[in-house]
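Below, each chain spelled out in residue letters.
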Amino acid sequence: MSFLELIDLKTHFPVKKGLIFRKQVGMVKAVDGVNLAIEKGEILGLVGESGCGKSTLSRTVMQLIPATSGSVILEGKDLTRTSAHNVRSQRINFQMIFQDPYASLNPRMTVYTTLAEALRTRYPALTGDELTRRISEIMERVGLDRRFMRKYPHEFSGGQRQRIAIARALAPEPKLILADEPVSALDVSIQSQILNLLKQLVRELGLTMIFISHDLSVVRYISDRIAVMYFGKIVELGPAEEVMDHPQHDYTKTLIASIPKIEKRG
Ligand SMILES: Nc1ncnc2c1ncn2[C@@H]1O[C@H](COP(=O)(O)OP(=O)(O)O)[C@@H](O)[C@H]1O
Ligand SMILES: [Mg+2]
């Protein structure tokens, strides 16, 4: 049994037309029959151009959008056939990291408050010195100085803000991290720091991660295996080196060809 299994997963959105009598005129097949097995401890990179369905796939895995059909099986339990209440209690086990930490962090909450709230989703009784100690510990893990605990998101740089978002995702001790374009808004010089941090955390904490990006060079850098998504389907899947060195699908070849040459030699 794999840690996470997606079986013939489909998420279709109705397309409606007309201002008053909104008639359904078609379907956007954002996710259209995805089969994928992810092992515990692995980093699976999901790559594909904008609009191919990556975010919809991750939201469907999280049960934030209902699947049209198919199954999401986490540790043997089918989440698509679990009650809403149980899905909510399961959600603590998977956390998301998004592209824009400024939008996903509450501007009125200090790092302390943000992390306290996240920690209490798993440990509701945590208070006082013990809470502060745990917050310091998490901040240290993601490379933030504990002296910044009382600061607000706008007082940090983009890279530091993404570290806060990563800390918040780790605080509830999830099993699975879904990182949706987590470095796409960052300067190239900061990207590799954040990628290294994510990789290190996944290894140290024994996490499993789905890492989403439209940028194959970023995905190759961090992933154990790469899944290439194209119009709602996984068209190629394999160990990162194999996909890079021996791409089978024409679309993967196009993605590889579009990586700047200098990087390919490195
Ligand atoms: N809530 C929605 N309603 C209708 N169409 C949607 C919705 N969310 C996404 N889509 C469409 O589904 C497709 C996939 O989008 P998305 O998953 O955001 O792709 P990606 O993350 O790869 O850029 C796009 O055509 C998008 O317009
Ligand atoms: Mg997206």
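The structure presented is a predicted model; accordingly, all values stated were derived computationally and were not measured. (Residues numbered from 1 in each chain as written. Chains lettered and ligands numbered in written order. Predicted model: local features only at pLDDT ≥ 70, side-chain atom pairs only at ≥ 80, totals over all residues. Heavy atoms only, no water.)

### Concerning the overall build of the protein chain
The condition is simple: The numbering of helices and of strands both runs from the N terminus, where a helix is a DSSP run of H or I of at least 4 residues and a strand a run of E of at least 2. The globule rule is 2.2 Å times the number of residues to the power 0.38, and the radius of gyration it is compared with is taken over C-alpha atoms. Working rule for contacts: check all heavy atoms of both residues, and any pair within 4.5 Å makes them a contact. Per-residue and other accessible areas follow the Shrake-Rupley method at a 1.4 Å probe size, with only the shown protein chains counted as cover for residues.
Along the backbone of the protein chain there are 11 helices and 10 strands. Here the C-alpha atoms of the protein chain give a radius of gyration of 19 Å, agreeing with the 18 Å that 2.2 N^0.38 yields for 266 residues. Overall, the C-alpha framework of the protein chain stretches about 55 × 50 × 45 Å when taken along its three principal axes. A fraction of 65% describes how many contacts in the protein chain between residues 6 or more apart in sequence connect residues 24 or more apart. Summed over all atoms, the accessible surface of the protein chain reaches about 13500 Å², with 52% contributed by carbon and sulfur.

### Overview of the site of ligand 1
Note the cut-off: Nearness here has a simple test: a residue counts as near a molecule or strand if at least one of its heavy atoms is within 4 Å of that partner. By the criterion applied in these results, polar contacts are pairs of N or O atoms within 3.5 Å in which, for protein atoms, one can donate a hydrogen and the other can accept it, and in which residues neighboring in sequence qualify only through two side-chain atoms. Charged residues are taken to be Asp, Glu, Lys and Arg, nonpolar residues to be Ala, Val, Leu, Ile, Met, Phe, Trp, Tyr, Cys and Pro, and polar residues to be all remaining types, Gly included.
Lining the immediate environment of ligand 1, one finds Phe13, Val28, Ala30, Glu49, Ser50, Gly51, Cys52, Gly53, Lys54, Ser55 and Thr56. Here an oxygen atom of ligand 1 sits 3.3 Å away from a polar atom, N or O, in the main chain of Cys52. Within the side chain of Lys54, a nitrogen or oxygen atom sits 2.8 Å from an oxygen atom of ligand 1. In the complex, the protein chains occlude 59% of the 560 Å² of accessible area that ligand 1 would expose alone. Counting only elements with at least two residues in the shell around ligand 1, the list comes to strand S2 (23–38) and helix H1 (54–61). Among the elements that make up the shell around ligand 1, the one with the highest residue count is H1 (3 residues). Partitioning the shell around ligand 1 into residue classes produces 4 nonpolar, 5 polar and 2 charged.

### Details of helix H6 (residues 158–170)
To keep things clear, this is the line we draw: Helix span is expected to be 1.5 Å times the residue number reduced by one. Buried residues are those whose accessible area, probed at 1.4 Å on protein chains only, stays under 20% of the maximum for their type, while exposed residues exceed 50% and partly exposed ones sit between those limits.
Here H6 is 13 residues long and its end C-alpha atoms lie 19 Å apart, about the 18 Å a rise of 1.5 Å per residue gives. Considered for burial, the residues of H6 that qualify are Gly159, Arg161, Gln162, Arg163, Ile164, Ala165, Ile166, Ala167, Ala169 and Leu170.

### As for helix H10 (residues 250–257)
To keep things clear, this is the line we draw: Throughout, the arc means the angular range of directions from the helix axis out to the C-beta atoms.
The complete set of buried residues in H10 reads Tyr251, Thr252, Leu255 and Ile256. Seen along its axis, H10 keeps its buried residues to an arc of 140°; they face one direction. Across from the buried face of H10, at angles greater than 90 degrees, the exposed residues are Asp250 and Ala257.

### Quick word on the nonpolar core
The line we're drawing: Nine residue types can take part in a nonpolar core, namely buried Ala, Val, Leu, Ile, Met, Phe, Trp, Tyr and Cys, and a core is a set of them joined through side-chain atoms within 4.5 Å. Residue ranges labeled as domains rest on an automatic or database domain assignment.
Counting residues in hydrophobic clusters, the biggest one holds 51 residues, and the most contacted among them are Ile135, Ile166, Met209, Phe211 and Ile226. A domain-level breakdown of this core finds at least three residues from each of domain 1 (1–17 + 24–93 + 177–266) and domain 2 (103–173). Excluding residues within four positions of it along the chain, Met209 makes contact with Glu42, Ile43, Leu44, Leu176, Ile177, Ala179, Leu198, Val202 and Ile222. Grouped together as the second largest cluster of nonpolar side chains are 25 residues, Leu9, Met62, Leu178 and Ala227 included.

### Here we look at the sheet that holds S2
Backbone-to-backbone hydrogen bonds join strands into a sheet, with any given pair of strands oriented parallel or antiparallel. To be explicit about the condition: When DSSP locates at least two bridges between a pair of strands, those strands are taken to pair. Here the axes come from fitting lines to C-alpha atoms, over the contacting stretch only for helices, and the angles between their N-to-C directions go from 0 to 180 degrees.
Spatial strand order, S2-S1-S4-S5: 4 strands in an open sheet with antiparallel pairing. Of all strands in the sheet, those with a lone pairing partner are S2 and strand S5 (77–78), marking the two edges. Against the sheet, H1 engages strand S1 (4–17), S2 and strand S4 (69–74), with an angle of about 120° to S1.

### Section: the domain arrangement of the protein chain
Formally: Each of two parts loses accessible area, computed with a 1.4 Å probe, when they are put together; buried area is these two losses added. When a carboxyl oxygen of Asp or Glu lies within 4 Å of a side-chain nitrogen of Lys or Arg, that pair is called a salt bridge.
Here the protein chain is described as being made up of domain 1 (1–17 + 24–93 + 177–266) and domain 2 (103–173). Computed over C-alpha atoms, the centres of domain 1 and domain 2 are 26 Å apart. Counting residues at the interface gives 14 residues for domain 1 and 12 residues for domain 2. Summing the contributions of domain 1 and of domain 2, the shared interface buries around 1100 Å²; its carbon and sulfur component is 69%. Considering only the side of domain 1, the residues that lose the most area to domain 2 are Ile92, Leu197 and Leu201, jointly responsible for 41% of the buried surface there. In this assembly, domain 1 and domain 2 are joined by 1 salt bridge. Arg141 serves as the salt-bridge partner of Glu204, at 2.8 Å between the closest nitrogen and oxygen. Linking domain 1 with domain 2 are 4 residue pairs in polar contact (both at pLDDT 80 or more), by the criterion used here. The greatest single-element share of the side of domain 1 that touches domain 2, amounting to 8 residues, is contributed by helix H7 (residues 188–205). Per-class residue counts for the side of domain 1 that touches domain 2 are 11 nonpolar, 2 polar and 1 charged.

### A short note on a nonpolar patch on the surface
Let me state the cut-off plainly: Here a patch means residues that are over 30% exposed by relative accessible area and free of salt bridges, tied together within 9 Å if like-charged and within 5 Å if nonpolar (Val, Leu, Ile, Met, Phe, Trp, Tyr).
Where nonpolar side chains cluster on the molecular surface, the patch consists of Phe13, Val15, Val25 and Val28 and spans about 290 Å² of accessible area. Those elements giving two or more residues to the nonpolar patch turn out to be S1 and S2.

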